[in-house]
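# Observations on the model geometry
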Amino acid sequence: MFVFFDEWSRCIGSRHQQDQLYRYGKFSNCSAQWGDLGIAMKAKLCKTQEEADALLQTTHYRKNLGSDVTKSPTAEVIWELKETPGWDS
């Protein structure tokens, strides 16, 4: 649950909002992160771990972010993805 709280608090932070304003010309409303926080709280109340895991798989964070760089919000906006990561072009 802390991951979702961290994502929401990062989103409402001044640095993230400044980046959004610079990149897209508008502030982020952070509704996806707020929704994820609500889903995480519901998952905490689930009776089984499988039920909780299934609920958490529906979050914006799990679908769009996480550790997959191809799903980064800045991929293809700020930088281009390389076929092979490294310093060489």
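Above this note sits the structure.
As the structure is a prediction and not an experimental result, all values here were calculated from the model. (Residues numbered from 1 in each chain as written. Predicted model: local features only at pLDDT ≥ 70, side-chain atom pairs only at ≥ 80, totals over all residues. Heavy atoms only, no water.)

Tallying each qualifying case throughout the model produces 3 aromatic pairs. When the ring of Phe-4 is compared with that of Tyr-61, the centres are 6.0 Å apart and the planes differ by 85°; the resulting orientation is edge-to-face. Of this pair, Phe-4 sits in helix α1 (residues 2-12) while Tyr-61 sits in helix α5 (residues 60-64), placing them 57 residues apart in sequence. With relative accessibility at 19%, the residue Tyr-61 sits in the buried group. The interplanar angle of 50° and the centroid separation of 6.0 Å between the aromatic rings of Phe-5 and Trp-8 together place this pair among those described as tilted. Remark: Trp-8 and Phe-5 occur in helix α1; sequence separation between them is 3 residues, near one turn of the helix. Three or more aromatic residues link up through ring pairs in this structure, and these residues are Phe-5, Trp-8 and Trp-34. (Phe/Tyr/Trp six-rings, centres within 6.5 Å; stacked < 30°, edge-to-face > 60°. Helix = DSSP H or I, 4+ residues; strand = E, 2+ residues; numbered from the N terminus. Buried < 20%, exposed > 50% of the residue type's maximum accessible area, 1.4 Å probe, protein only.)

No statement about biological role is implied by the geometric values presented.
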